[in-house]
Amino acid sequence: MIALVIIISLVVGQASHAYGQTNLATNGQAMLAPIQTSSATPIPQASQTPPPDVAATPAATLPRYSGQLLDIERGYVVFSTGDALRLASDVSIVDDDTGVAPTYAIEPGLYAIAIVAPDTGLVTSLRFAHSPRPNATPIADVPRALVSAASSPQPNPDLAPPKTRYTSKLSASVQVTITVLVPPDTPFGADVYIATDTSGWNAQAIKMQRVDGRHFRVVSQLTGGTDFHYLFTRGSWATVERERSGLQRQARELAIEGGDALEVAATIYRWADLP
Amino acid sequence: MKRAIALAAALAAMSPISARSDQAPQAIGHALLRVRAAQVRYFSDQAVVQARGGVDVQLPDGAEVRGDLATVDLRLRRVAVAGHVTLHTPAGDFAGAGFADFFAFRRAYFLPLVPSADRWTFLNGDWSAPEKGREMPGDAFALPDFHETQPYIEGTTAAIDFTTFARFAPASIRVFDAVPTPALPVYVYNFSANQNFGVNSLSGASFDAPYAFARSADSLDALHLRYDQTLPVKEFWSFEHHSLFGDAGYAVFSLNPASQAAKQWNLLGYDQVSSRSGFAVNAQLFTVQSGLSEPTSSTGFADAQFTQALEQSAVRLDATQSYDTFLATGAPDHPFVLGLQWTGYDQPLFRSGFTYRLQSGFAHIHDAFGIAGQTLPDAWSHYLGAYLATPAYQGPAGIGLDATAQMQRTWLSFPNTVSTTTLTASASRQVTPHIYVVATQLTQTASATTASLTFASPNTATGLSPAPPSPNGLPVYGIATVVPDAVSRNYILSGSWQPSPAFQFSAAALKTDYSPIQVPGVAGPPRYQMSGDMRFRITRTLFADVSRGYFFNWGGRLWTPQFGIQVSAQ
């Protein structure tokens, strides 16, 4: 039955905004908004302007679970972890920063805090924001009893060890230092660059810094999980590096797998334009 | 009881556990993923296509997914659809909250809401028997956050080949990450890991904006809007086509500029004959013609190389045919050079830490009208050369020391003998974590037994490497003086500062002593030079490189004619 009560359009548009306002009106929370009594800018008084929703309900003390929104539909709120929670029929929807109805469309990708009534296990309030909400329990840690799933959980052999939540290991910024030894016939005044597939193989994508007579280096901060192909050049495709034999070489590959720092030492044997 | 347990174990062992199939990424081919929505946007810094509003995604196998929002991660090779999702497959239609397909792993995750919330996993493209309740990766449906990010491309449809390209139509491109263009009919974004799509046959230009308009798995067509501050008409456009074949083969054709009378038609080709041999061709045609009318001037050359790797060396056969004119008017002068070149690999010099490299070659030059305008129609050359390099030694006060030496002698059948040497010694020091200073002494010598007998050298097998190469691609050799012996001593102090990846500054001071003649306006290079180069980020993906040199009033010259300005993408 609950599924029939709440049907929200997540399509970009006005429907979700109207949905939020409707619920605010239902809860009577709009009446708690501060009222300006003069044309001068009022000085907010803490005792007079509590967040309307907090003042109206004891939700702040209820279990709060935060995560990225995937969908609100058919009586469920579904997070990007795949966890679906059931919605109460009178669920309120507010902006987490202002405590009032969101002025933006409610759509997948937003961040949300779900406030759950312990007695029913239903979500009574949803608070939305454009950034992750740290002041709540991650949705990955929600008690399984609150998650709706028709099938009983089955282990996934692909996940070893099992990953129950996204970890930041692959997202960490890694300092990558690439140092390269150039051939002895490299013209002294030459600059050395790195061409990458991520730059459309622009021959001057990354400029390297001369370290000594034959070494160049570059230091960059790259995100863990980055995987790209690259070749060294002297600034044009006619001066790209080659194999020792002078044959065209396959692109080098660099995968950033996490960690604090990564040192890459490379050697260029030949340039395409030099004998 | 034991038999029952054994039977159960045997049945378990026999049951198909497809989920345990290879979890290493698999090749996914070139079948297209098609996305259609009210708004399709590409965010280049995260390599993600995002579709919003009435999203319709057609998977490569024909299944269709509809929803409110979709993201296609070109690096993860994953599509995720969220919000009012309907999944249409040959096995049936399903409604749910989210769908995610990791193509490289052949795992599709689905969150049905009808008849009730659940988790389904489709394995290996089988839509008929989802594994229900199977645990999913925690980030299977994670959606990238673009709340405060501007897209690079905006359109309403996208066709995506996960290994090579994404084609948007129509497409508005954000120039300099700021100014969107009017909607173009189509735009192809190339992200192939195959570097042969990057082979660039277009020379010159300080700014190049490619507009790729046609693409398949193995071809790419693009117009290039270009700017070259050194040309009389600075703005022009060019055309370039790439075709790829085999594991490493390519052919690149270009017309540059296409919008000016003086045109350059280029063809670059390469194919790997075997794992140890390859064939390359480089042909250029230079014409002066209005549009495609009859040219008033037409010259060109073609160079073909065959390279064979040996055990610790390689040989290259190099043939060059030049055409002084293709027109009926003028002398049909077609010089031809055929040479064979041998290059040894770098080898350690005993246990000294030094390395050396040997080179040699011989060539035959034929010009029925006389080589380099002289009367001699045929000439032979052979040469022998060597490089010697020290390792980098650590000296006192953190100073590093290294040196290289190059020697070469070329014998010509004129007769003549040309000898060149280059000696480089450098001292370097890291001043701060971001500043390096290098002091270098560079000495180059050239001597010939007969100074006046020099000739054009269209390929390197003759042993006379062009320095510098001529701008039209035809290298012209000439000893840098009219007297038999020349010596150039350079004293260089260079420094570079890279406080962050977004900013680099380098500067160099150079003093040159050149003999026998170093007089402004007569011969020899400027005695003193300074140059500076600054590279800095102007947008999230674009860098500007500004450089300029100063000559300390050498014959009235103070600055280089122009600032060198280059804008490039990273």
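These numbers come from a predicted model, not from an experiment. (Residues numbered from 1 in each chain as written. Chains lettered and ligands numbered in written order. Predicted model: local features only at pLDDT ≥ 70, side-chain atom pairs only at ≥ 80, totals over all residues.)

**What to know about the pairing of strand 10 (residues 165–175) of chain B**
Residues and elements named next belong to chain B. Here 8 bridges tie strand 9 (residues 153–161) to strand 10, and the two strands are oriented antiparallel to one another. Along strand 10, the bridge assignment pairs Ala159 with Arg167. Where strand 9 hands over to strand 10, the hairpin turn is made up of 3 residues, counted between the paired strands. Where strand 10 lies against strand 12 (residues 187–190), 4 bridges are found, and the strand directions are antiparallel. Pairing of Phe168 across the sheet is with Tyr187, part of strand 12. Relative to strand 11 (residues 179–180), strand 10 runs antiparallel, the two being bridged by 2 bridges. Among the inter-strand pairings, Arg174 is bridged to a residue of strand 11, identified as Pro180. Remark: 3 residues form the turn of the hairpin made by strand 10 and strand 11, two consecutive strands paired antiparallel; Phe176 in that turn has positive phi of roughly 55 degrees. (Pairing = 2+ DSSP bridges. Helix = DSSP H or I, 4+ residues; strand = E, 2+ residues; numbered from the N terminus.)

**Structural notes on the sheet that holds strand 11 (residues 215–223) of chain A**
Residue and element names in this part refer to chain A. The 4 strands lie next to each other as 10-11-7-15, forming an open sheet whose pairing is mixed. A strand with exactly one partner marks an edge of an open sheet, and here the two such strands are strand 10 (209–210) and strand 15 (261–267). In the sheet, strand 10 pairs with strand 11 via 2 bridges, with the strands oriented antiparallel. Looking at strand 11, one finds that Gln209 is bridged to Arg217.

**Description of the confidence of the model for chain A**
Residue and element names in this part refer to chain A. When pLDDT is averaged across chain A, the result is 76; 73% of the residues are at 70 or more. Element-level pLDDT for chain A is lowest in helix 2 (residues 15–27), with a mean of 30, against a maximum mean of 96 in strand 13 (residues 241–242). Here residues 1–59 scores under 50 on pLDDT; set against residues more than four positions off or in separate chains, the count is 82 contacts. (pLDDT = per-residue confidence, 0-100. Contact = placed C-beta atoms within 7 Å.)

**Notes on the interface of chain A and chain B**
Every contact between the two is made by 73 residues of chain A and, on the other side, 85 residues of chain B. Where the side of chain A that touches chain B is concerned, the elements lending two or more residues are strand 1 (64–73), strand 2 (76–79), strand 9 (206–207), strand 10, strand 11 and strand 12 (227–233) of chain A. The residue inventory of the side of chain A that touches chain B, partitioned by class, reads 32 nonpolar, 26 polar and 15 charged. (Nonpolar A, V, L, I, M, F, W, Y, C, P; charged D, E, K, R; others polar.)

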